[in-house]
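Listed below are the residues making up each chain.
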Amino acid sequence: MRHSFRVSFTADFYDEGGKPRYRDYGATLLVNAHQMEVCRIEAHRAEIAPEQIEDVQGVIVLSPRVTARTLSDSQNLLVVSRFGVGYDGVDVVACTEADVLLTIARGAVDRSVAEATVGWMIALTHHMLVKDRLVREGRWADRSFYMGSELRDRTLGVIGFGGIGRALVRLLSGFSMKTPLVFDPHVDHDTAASQGVQRVDLESLLAEADFVSVNCPLTNETINLIGSAELGSMKPSAFLINTARGGIVDEDALFNKLSARAIAGAAIDCFDGEPLVAPHRFGALDNVLLAPHSIAWTHEMFRDIGRVACQGMLDVACGRRPHGVINPEVFDRPRFRDKWNRLRIADVERHAQHV
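All of the points below concern the structure found in this document. (Residues numbered from 1 in each chain as written. Predicted model: local features only at pLDDT ≥ 70, side-chain atom pairs only at ≥ 80, totals over all residues. Heavy atoms only, no water.)

What follows concerns the pairing of strand 6 (residues 156–159). Burial along strand 6 is two-sided: L156 and V158 facing one way and G157 and I159 facing the other are all buried. Where strand 6 lies against strand 9 (residues 211–214), 4 bridges are found, and the strand directions are parallel. Directly across from G157, in strand 9, lies its bridge partner V212. Direction of pairing for strand 6 relative to strand 7 (residues 181–183): parallel, over a ladder of 3 bridges. Residue pairing across strands places V158 opposite V182, the latter belonging to strand 7. For the segment spanning strand 6, helix 5 (residues 163–171) and strand 7, crossover handedness is right-handed. (Buried < 20%, exposed > 50% of the residue type's maximum accessible area, 1.4 Å probe, protein only. Helix = DSSP H or I, 4+ residues; strand = E, 2+ residues; numbered from the N terminus. Pairing = 2+ DSSP bridges. Right-handed = clockwise from strand over helix to strand, strands pointing away.)

As structure tokens, this is what we get:
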């Protein structure tokens, strides 16, 4: 058994001086645990290089990609933990072939993303962006042109009914909205009914919903799931909210529909080609709210994600299966089991000190 288990955080958790950018991202859980060693990757790169993780047993990843090249020398690496729930930037097949677990912080982002979505729904229907500008620009008399609408009696449509979608439905239960509509091939009618929602096909959801909330992962099946034809099915009074991933919604088609006022508006947190380093064309539209893939970032969310991710590292370190494993078949691979037995440590205080 090893004397210590080394966990590295990617460089984007820290500023240029090496100080943490975030108030609480779970690292204290590891720092206070016996035989756990916390380190950081020094240089930020879009893709983690193999030499950046050659000496660690675990790596917690904020934004860099993890590729087959990243894992080309992974004889000491046991687990990659994606700091969040999306993992389209991680090559899952490469992780499995390299005998490396991939984990996500399943459940840790649900409340924050749902709360941000509700905030955006209200901001869109009450024209908050435009009304703010009216005051800043001295256009008080124009307020009559921007009558808002309540959420009452309107219909929510949720694409992807996982933890975030379910948290969103719960949060909206007090707004006197109609029965939410859900499109998710992995959710059956009985499960939908038990959650107080109606399962429908995508075409019906788009045609009937006043708000379309995109909450599905980016996969081969969901790339350009919402294109020109799908946007054309939406009501002219409807709003689209994407807090999932760029690529699920066709940006060209969405820009054209918004410019033509074919739909009422949109709120967009994720884009193709992130990070954006120049003003985006959507910024010229007054019926759009934008955020740099961080609308749901809160101190509470980072704390919760960090604690799940770091607890997973502790579990792997002392031979336990962690929460949120994406490729559980790795546990049955002989090379992984040999590596796990060799690299895990003898004793870890699971909850050394409560943060």
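From this point, things continue past the structure.
Ordered in space as 2-1-3-4-5, the 5 strands form an open sheet in which the pairing is parallel. Where the open sheet ends on each side, the last strands, each with one partner, are strand 2 (36–40) and strand 5 (101–104). With strand direction ignored, the average angle separating the axes of adjacent strands in the sheet is 20°. (Axes fitted to C-alpha atoms, helices over the stretch in contact; angles between N-to-C directions.)

Once that is clear, we can look at the nonpolar core. Membership of the largest hydrophobic core comes to 41 residues, with the highest contact counts inside it found for F9, F13, M36 and I60. Counting only elements with at least two residues in this core, the list comes to strand 1 (5–9), helix 1 (27–31), helix 3 (110–125), helix 10 (299–317) and helix 11 (334–343). The biggest single contributor to this core is helix 10, with 9 residues. Setting aside residues up to four positions removed in sequence, I60 forms contacts with V7, S8, F9, T10, F13, S81, F83, A309, C310 and M313. Core analysis: the second largest hydrophobic core is formed by 31 residues, L231, I248, V249 and A266 among them. (Core = buried A, V, L, I, M, F, W, Y, C linked by side-chain atoms within 4.5 Å. Contact = heavy atoms within 4.5 Å.)

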